[in-house]
Amino acid sequence: MMKTLVKVSQFVNKTFALWVVIFGIAGFAFPEIFKQIGPWIAPLLGVVMFGMGLTLSPIDFRDIFRRPRDVALGVVAQFTIMPSVAFLICYAMNLPPEVAVGLILLGCCPGGTASNVVTFLARGDVALSVTITSCTTLLAPVMTPALMYLFASQWLSIDPVAMFMSIVQIILLPIAAGVFVHKLLGHRIDGAVAALPLVSVGAIVLIAAAVTAVSRTQLMNTGLLVFTAVVIHNAFGMLFGYFVGKWTGMNLAKRKCLAFEVGMQNSGLGVALASVHFAASPMTALPSALAALWHNVTGPMLATLFQNWRESDEKASFFDHMEASLTTTPTLEPATQKVLVD
């Protein structure tokens, strides 16, 4: 039973982008049905964050002390490159205020957990990826509102205190609850952890469908413009993330990690915050909703390209062994056993 559940979870994660497309189309075609999910967007993301908490352990943070420079570079790059790039895109493309705020909100969000998975597939530094994702997520209640106030307040009114409280409720409290339950029950919840990807994918695709339904009219008018902005934002994030690693002397595995950590955001959080704080401007949620799809397309594509990039002294047999372990064992090491959803 457990092996079957793991196989189904792996299949759902591999086809995640497809499910986002299917439910996005459903939300567009049947808006009255999926609009009803709108009030549940924040609780749905809380479920995803609770699942992340169930998989966290002290080992995920050991790299903070083992290699603080690498972790600090990743965290700083995430919270400087993506908001700045979003801000420049808004001016360069002369985006409407609602879209501009939505793109900057996406850029101000922490890294998405899908980056951990694609880093593994790309033969990157998975332990570093998990640590950076965890750190940016825990810093989000402070960093995201502060950056939003700095970059987006010229377009719409930003209440950083209210946004701080929302992120605490949506992210920190569910993660803390997940960590507590994991500590309390230990291996007795292994079955639930195995099912987490199914729950997470379900939550994210419902969120995407709800946003599409609410923004149906605006999507028909400006959808191509928003999608173009999201594509450019993602591309520059991955490019700059990689070169930050290169310019600071990181090895290839770390550079791959930074490309994904910087370029892939927690788009579900962006959708939830937009829905709560900019409900009167539904277009603000659209960049994050489109990013939920696009990041899960470009991430695996870049990972496939990266698979063949190796240092001159890097042995392929080590990664081949990792791949064999992934396909033959029902559970993964803590660094890769994460909620596999952006």
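Residues numbered from 1 in each chain as written. Predicted model: local features only at pLDDT ≥ 70, side-chain atom pairs only at ≥ 80, totals over all residues. Heavy atoms only, no water.

1. Topic: the nonpolar core
Of all hydrophobic cores here, the largest spans 71 residues; its most connected members are Leu45, Leu95, Leu103, Ile104, Met148 and Ile207. Excluding anything up to four places from it in sequence, Leu95 contacts Ile89, Cys90, Ala100, Leu103, Leu225 and Ala229. (Core = buried A, V, L, I, M, F, W, Y, C linked by side-chain atoms within 4.5 Å. Buried < 20%, exposed > 50% of the residue type's maximum accessible area, 1.4 Å probe, protein only. Contact = heavy atoms within 4.5 Å.)

2. Quick notes on the packing of aromatic side chains
Using the criterion set out here, one finds ten aromatic pairs in the structure. Seen in terms of ring centroids, Phe87 and Tyr91 are 5.1 Å apart; in terms of plane orientation they differ by 65 degrees. Their pairing is edge-to-face. Of this pair, Phe87 and Tyr91 both sit in helix H6 (residues 68-92), four residues apart, which is roughly one turn of that helix. Where Phe227 meets Trp294, the ring centres are 5.3 Å apart and the plane angle is 80 degrees; that geometry is what we call edge-to-face. With Phe227 in helix H12 (residues 216-247) and Trp294 in helix H15 (residues 286-306), the pair connects residues that are 67 residues apart, well separated along the chain. Members of the aromatic cluster, joined through ring pairs, are Tyr242, Phe243, Trp247, Phe260 and Phe306. (Phe/Tyr/Trp six-rings, centres within 6.5 Å; stacked < 30°, edge-to-face > 60°. Helix = DSSP H or I, 4+ residues; strand = E, 2+ residues; numbered from the N terminus.)

3. Comments concerning the packing of H12 against helix H13 (residues 252-263)
For the pair H12 and H13, the least separation of the axes is 7 Å and the interaxial angle reads 150 degrees. Classified by the angle their axes make, H12 and H13 are roughly antiparallel. Considering only the axes of H12 and H13, their crossing is right-handed. Residues Asn234, Gly237, Met238, Gly241, Tyr242, Val244, Gly245 and Lys246 of H12 form the contact with H13, whose participating residues are Leu252, Arg255, Lys256, Leu258, Ala259, Phe260, Val262 and Gly263. A breakdown of the residues in the contact of H12 with H13 according to their chemical character gives eight nonpolar, five polar and three charged. (Axes fitted to C-alpha atoms, helices over the stretch in contact; angles between N-to-C directions. Parallel < 35°, antiparallel > 145°, perpendicular 65-115°, else oblique. Left-handed = near helix turned anticlockwise from the far one by under 90°. Nonpolar A, V, L, I, M, F, W, Y, C, P; charged D, E, K, R; others polar.)

4. Quick notes on the environment of Ala285
Its place among the elements puts Ala285 in the loop between helix H14 (267-277) and H15. Taking the C-alpha atoms as reference, Ala285 lies 9.1 Å from Val101; in sequence the two are 184 residues apart.

5. Things to note about the pattern of salt bridges
Per the stated rule, a full pass over the model turns up four salt bridges. Bridged by salt links that share partners, the residues Arg69, Asp70 and Lys254 form one connected network. (Salt bridge = Lys/Arg side-chain N within 4 Å of Asp/Glu carboxyl O.)

6. Notes on a nonpolar patch on the surface
Among the surface-exposed residues, Val142, Val161, Phe164 and Met165 lie close enough to one another that they form a single nonpolar patch of about 360 Å² accessible area. Element by element, the count of residues in the nonpolar patch is highest for helix H10 (residues 160-185), at three residues. Along the polypeptide, Val142 turns up in helix H9 (residues 126-152). (Patch = residues over 30% accessible without salt bridge, like charges linked within 9 Å, V, L, I, M, F, W, Y side chains within 5 Å. Areas by Shrake-Rupley, 256 points an atom, 1.4 Å probe, with all protein chains shown as cover.)

7. Things to note about the packing of H6 against H9
At a minimum axis separation of 9 Å, H6 and H9 run at an interaxial angle of 40 degrees. With respect to their mutual orientation, H6 and H9 come out oblique. The hand of the H6/H9 crossing is right-handed. Residues Asp70, Val71, Gly74, Val75, Gln78, Phe79, Pro83, Ser84 and Phe87 of H6 form the contact with H9, whose participating residues are Leu128, Thr131, Ile132, Cys135, Thr136, Leu139, Met143, Leu147 and Phe151. Residue composition of the contact of H6 with H9, grouped by class: twelve nonpolar, five polar and one charged.

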